[in-house]
Amino acid sequence: MSIGVLALQGDYDAHARMVERCGTTAQRVRCPQELKRVSGLIIPGGESTTIGKLIDRWGLHEPLLERARQGMPIWGTCAGLILLARRVEGSDQYRMGLLDVTVRRNAFGRQIDSFETDLPIRGFPGGPIRAVFIRAPLIIEVGPEAEALCETDAGVVMVRQGNLWGTSFHPELTDDCRMHRAFIELARG
Ligand code: GLN
């Protein structure tokens, strides 16, 4: 069993290290062939317009939608959340259009406004999760297909929709590997 990390741009190495720390093989995914081998996929933080262009360029769009339709778990963090969303406020940039949410990019300010906090997540055991926000998106609307699992004072920062997870924040940049463990369990089915 291996967990894929979309490795086109952004902080995919941090996710891959976290997956490996959980004792699971991390497969960097750059082409449709590599996508075939994985049981779950993490879409990392980075720059969502850049990652979107590369998804298109490497022929990953249809294969990604196909795996999602088959029920493969996909977890988008930060830019990854934007790429999974159906609606991006004021933008027609590339998106996979799977998560029934509207996101607002850079809703917490600039890079220097980055912050860390502890957040309780509904249905998630073991106490609050350490969360890092870096030019993070906010989920400004949650449609009927998705479920909000976590909020800050600003609004919703995590949703789940079946096998899809979206988080505004970066758990891969902390010491807390519980979310990665839970995602691996989901992918193990
Ligand atoms: N601001 C970036 C974007 O809109 C996301 C930032 C991140 O992934 N840390 O694409």
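Up top is the structure these notes are about.
### Examining the pattern of salt bridges
Side-chain pairs of opposite charge can arise whenever the charged atoms involved come near each other. Taken as a whole and assessed by the stated rule, the structure comprises 15 salt bridges. Asp-175 serves as the salt-bridge partner of Arg-21, at 4.0 Å between the closest nitrogen and oxygen. Taken as a pair, Arg-21 in helix H1 (residues 12–21) and Asp-175 in the loop between strand E12 (164–167) and helix H6 (178–188) lie far apart in primary sequence, 154 residues in all. Note on Asp-175: relative accessible area 68%, which makes it exposed. A salt bridge links Asp-100 to Arg-86, with the nearest nitrogen and oxygen atoms 3.7 Å apart. Highlighted residues: Asp-100 in strand E6 (residues 99–104) and Arg-86 in strand E5 (residues 85–88), separated in sequence by 14 residues. By relative accessible area, which is 4% here, Asp-100 ends up buried.

### Thoughts on unusual backbone geometry
One non-glycine residue, Cys-78, lies in the positive phi region at around 60°. Relative to the elements of secondary structure, Cys-78 occurs in the loop between strand E4 (74–77) and helix H5 (79–84). The phi angle at Asn-106 is positive, at roughly 50°, despite the residue not being glycine. Topologically, Asn-106 is positioned in the loop between E6 and strand E7 (115–119).

### Things to note about the packing of aromatic side chains
Evaluated as defined, the whole model comprises seven aromatic pairs. Measuring from centroid to centroid gives 5.6 Å for Trp-75 and Phe-183, while their planes differ by 50°, and the two rings are tilted. Of the two residues, Trp-75 is situated in strand E4 and Phe-183 in helix H6; the sequence distance between them amounts to 108 residues. As far as burial versus exposure is concerned, Trp-75 and Phe-183 are alike and both buried. Residues Phe-108 and Phe-115 carry aromatic rings whose centres are separated by 5.7 Å and whose planes lie at 55° to one another, so their mutual orientation is tilted. Residue Phe-115 is classed as partly exposed on the basis of its relative accessible area, which comes to 29%. Ring pairs connect the aromatic residues Phe-108, Phe-115, Phe-133 and Phe-169, which therefore count as one cluster.

Conventions we followed
Residues numbered from 1 in each chain as written. Predicted model: local features only at pLDDT ≥ 70, side-chain atom pairs only at ≥ 80, totals over all residues. Heavy atoms only, no water. Salt bridge = Lys/Arg side-chain N within 4 Å of Asp/Glu carboxyl O. Helix = DSSP H or I, 4+ residues; strand = E, 2+ residues; numbered from the N terminus. Buried < 20%, exposed > 50% of the residue type's maximum accessible area, 1.4 Å probe, protein only. Phe/Tyr/Trp six-rings, centres within 6.5 Å; stacked < 30°, edge-to-face > 60°.

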